[in-house]
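Geometric and topological summary
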Amino acid sequence: MSAITITEAAQGYLAELLAKQDTPGIGIRIFITQPGTQYAETCIAYCKPGEQKPEDTPVGLKDFTAYIDAISEPFLEDAVVDYATDRMGGQLTIKAPNAKVPMVNEDSPITERINYYLQTEINPGLASHGGQVSLVDVVEDNIAVLRFGGGCQGCGAVEMTLKDGVEKTLKERIPELNGVRDVTDHSNRENAYY
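All values derive from a computational prediction rather than experimental measurement.

Within the secondary structure layout, Glu167 lies in helix 3 (residues 158–173). Judged by its relative accessible area of 12%, Glu167 falls in the buried class. Within the structure, Glu167 has its side chain in polar contact with the backbone nitrogen of Val180 (distance 2.8 Å).

Right, dumping it as structure tokens:
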């Protein structure tokens, strides 16, 4: 069972909203933007059949399925989605006490820390260009080997992004990291963002 609680009142309210969408099988997807940072925001979105990601955790509720984003899930520990009524009507509230809490510390393995900062600080910035970066390996001398994907692939600015943005951020956060290298073949320019 997922770490998040969706109260019966919230389920009832969401079920009513979903019923109005007139889409059989529609559910919701819960995710956090920039998890583990002070900018973290918990979001609930409609999720039509097929819109969920393969790594999402499905939570079967009475009237619909909630899909929990895999990266966000640890940050949704102890989160509560509730529906509170007042004399003005009612509103959905989301309390996620761990959304802004970094899930890594100095003792975490270097790969976990690199992945964490890629997800929370670097990828949200690259996403506006349709790009993302992932960790392939940490090789000798603590060099991180990264793979750029999406709109970053084949983009002429990727080396600048790698050195000025990604490497600088990671080295600030992880003092023992000595540098980053890119494994991507930038000869494929089909999706490049200029």
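That covers the picture; the talk isn't over yet.
This brings us to the pattern of salt bridges. On inspection of all chains with the given rule, the structure shows 4 salt bridges. Two residues, Asp56 and Arg29, come together in a salt bridge whose shortest N-O distance is 2.7 Å. Of this pair, Asp56 sits in the loop between strand 3 (41–47) and strand 4 (57–60) while Arg29 sits in strand 2 (residues 27–33), placing them 27 residues apart in sequence. The pair formed by Asp56 and Arg29 is uniform in burial state, with each residue classed as buried. Linking Arg29 and Asp69 is a salt bridge whose minimum nitrogen-to-oxygen distance equals 3.0 Å. With a gap of 40 residues between them, Arg29 in strand 2 and Asp69 in the loop between strand 5 (65–68) and strand 6 (80–86) connect regions that are remote in the sequence.

So, on to the sheet that holds strand 8 (residues 131–139). Strand order across the open sheet formed by 3 strands is 8-9-10, with mixed pairing between neighbours. A strand with exactly one partner marks an edge of an open sheet, and here the two such strands are strand 8 and strand 10 (179–182). Averaged over all pairs of adjacent strands, the angle between their axes in this sheet comes to 35°, without regard to strand direction. Packing against the sheet, helix 2 (residues 110–126) makes contact with strand 8 and strand 9 (143–150), and its axis sits at approximately 165° to strand 8.

Moving on: the packing of aromatic side chains. Within this structure, the stated rule accounts for 3 aromatic pairs. A centroid spacing of 5.0 Å and a plane angle of 75° characterise the contact between Tyr116 and Tyr117, whose relative ring orientation is edge-to-face. Overall, the relative accessible area of 9% leaves Tyr116 in the buried class. Grouping aromatic residues by their ring pairs yields a cluster made of Phe75, Tyr116 and Tyr117.

Looking now at the environment of Val136. Positionally, Val136 belongs in strand 8. Residue Val136 is classed as partly exposed on the basis of its relative accessible area of 39%. As a C-alpha pair, Val136 and Phe148 span 12 residues in sequence and 10.0 Å in three-dimensional space. When sequence neighbours within four positions are dropped, the list of residues in contact with Val136 reads Val145, Leu146, Arg147 and Val183.

Read from one edge of the open sheet, 3 strands run 1-6-7, paired in mixed fashion. Every other strand in the sheet has two partners, leaving strand 1 (5–6) and strand 7 (89–95) as the edge strands with one partner each. Bridge count for strand 6 against strand 7 is 7 bridges, and the pairing is antiparallel. Note that in strand 7 the partner of Asp86 across the bridge is Gly89. Lying over the sheet, helix 1 (residues 8–20) contacts strand 1, strand 6 and strand 7, oriented at roughly 80° with respect to strand 6.

Criteria and cut-off values
- Residues numbered from 1 in each chain as written.
- Predicted model: local features only at pLDDT ≥ 70, side-chain atom pairs only at ≥ 80, totals over all residues.
- Heavy atoms only, no water.
- Helix = DSSP H or I, 4+ residues; strand = E, 2+ residues; numbered from the N terminus.
- Buried < 20%, exposed > 50% of the residue type's maximum accessible area, 1.4 Å probe, protein only.
- Polar contact = N/O pair within 3.5 Å; in protein donor to acceptor, adjacent residues only side chain to side chain.
- Salt bridge = Lys/Arg side-chain N within 4 Å of Asp/Glu carboxyl O.
- Pairing = 2+ DSSP bridges.
- Axes fitted to C-alpha atoms, helices over the stretch in contact; angles between N-to-C directions.
- Contact = heavy atoms within 4.5 Å.
- Phe/Tyr/Trp six-rings, centres within 6.5 Å; stacked < 30°, edge-to-face > 60°.

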